[in-house]
Amino acid sequence: MPLDTAADPSALTSWADIKENFVIFYSSRDENGRMWCPDCRDVEGAVERAFAPVDGPSGLIIYVGQKAEWKTEANAFRAEPWRVESVPTIVKLRDAVEAGRLVDDEIAHGLSGFVDITQA
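Residues numbered from 1 in each chain as written. Predicted model: local features only at pLDDT ≥ 70, side-chain atom pairs only at ≥ 80, totals over all residues. Heavy atoms only, no water.

So, the pairing of strand S5 (residues 97–103)
Side chains on a regular strand alternate between the two faces of the sheet. Relative to S5, strand S4 (residues 89–94) runs antiparallel, the two sharing 6 bridges. Across the sheet, the residue bridging to Arg 94 is Val 97, located in S5. Between the end of S4 and the start of S5, which pair antiparallel, lie 2 residues, with Asp 95 showing a positive phi angle near 55 degrees. (Pairing = 2+ DSSP bridges. Helix = DSSP H or I, 4+ residues; strand = E, 2+ residues; numbered from the N terminus.)

Some thoughts on the sheet that holds strand S2 (residues 22–26)
Taken in spatial order, the 5 strands make up an open sheet running S1-S3-S2-S4-S5, and their pairing is mixed. Of all the strands in the sheet, the pair left with one neighbour each is strand S1 (3–5) and S5. Sheet twist, expressed as the mean angle between neighbouring strand axes with direction ignored, is 25 degrees. As paired strands, S2 and S4 are joined by 4 bridges and run antiparallel to one another. Note that in S4 the partner of Phe 22 across the bridge is Lys 92. Of the strands in this sheet, S1, S2 and S4 touch helix H1 (residues 38–50), which is tilted by about 155 degrees from S2. (Axes fitted to C-alpha atoms, helices over the stretch in contact; angles between N-to-C directions. Contact = heavy atoms within 4.5 Å.)

Describing the packing of aromatic side chains
Note on aromatic pairs: each is described by the distance of the centres and the angle between the planes. One pass over the full model with this rule turns up 8 aromatic pairs. Judged by centre distance (4.8 Å) and plane angle (85 degrees), the rings of Trp 15 and Trp 82 are edge-to-face. Residue Trp 15 is found in the loop between S1 and S2, and its partner Trp 82 is found in the loop between helix H2 (67–71) and S4; the two are separated by 67 residues along the sequence. Residue classification places Trp 15 among the buried positions, given a relative accessible area of 8%. (Phe/Tyr/Trp six-rings, centres within 6.5 Å; stacked < 30°, edge-to-face > 60°. Buried < 20%, exposed > 50% of the residue type's maximum accessible area, 1.4 Å probe, protein only.)

Some points on the pairing of S2
Within S2, 5 of the 5 residues are buried, which leaves it mostly tucked inside the rest of the structure. Across the two faces of S2 the burial is the same, with Phe 22, Ile 24 and Tyr 26 and Val 23 and Phe 25 all buried. As defined by bridge partners, S2 adjoins strand S3 (residues 59–63) across 5 bridges and the pair is classed as parallel. Residue pairing for S3: Phe 25 is matched across the bridge by Ile 62. Once the chain exits S2 it traverses H1 before rejoining the sheet at S3, and the crossover so formed is right-handed. (Right-handed = clockwise from strand over helix to strand, strands pointing away.)

As for the pattern of salt bridges
Think of it this way: side chains of opposite charge can pair up when their charged atoms draw near. Counted according to the given criterion, the structure contains 6 salt bridges. Linking Lys 19 and Asp 4 is a salt bridge whose minimum nitrogen-to-oxygen distance equals 3.7 Å. Residue Lys 19 is located in the loop between S1 and S2, and its partner Asp 4 is located in strand S1; the two are separated by 15 residues in the primary sequence. The exposure class of Lys 19 is exposed, given its relative accessible area of 67%. A salt bridge links Lys 19 to Glu 20; the shortest N-O distance between them is 2.8 Å. Owing to a relative accessible area of 7%, Glu 20 belongs among the buried residues under this scheme. Among the ionic contacts, a cluster of salt bridges with common partners joins Glu 80, Arg 83, Glu 98 and Arg 101. (Salt bridge = Lys/Arg side-chain N within 4 Å of Asp/Glu carboxyl O.)

As structure tokens, this is what we get:
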């Protein structure tokens, strides 16, 4: 399924607010449309391919903010329920509960098996 982007990430308060199977936390994009985080840019193509099939998993992209905003401990996505410590991070949800998480270079090595929705 195509990836959706959270229109107003600040309106999300819990995993239950998310209907998709996966949540992808990325750095925000600059005025040129480029994410400031090189690790996010490195995995973006693989993430898009993993979620491209019509019968594939659903994913929601949440942009965590510009670099200065992300680096502060007050960033909302560092707190409960999200607990994002690094971007990129991909969280698998089952029944509005976190069922798994890939962070940074784990994404490049484990994405295809992680997003396989045929696995129980």
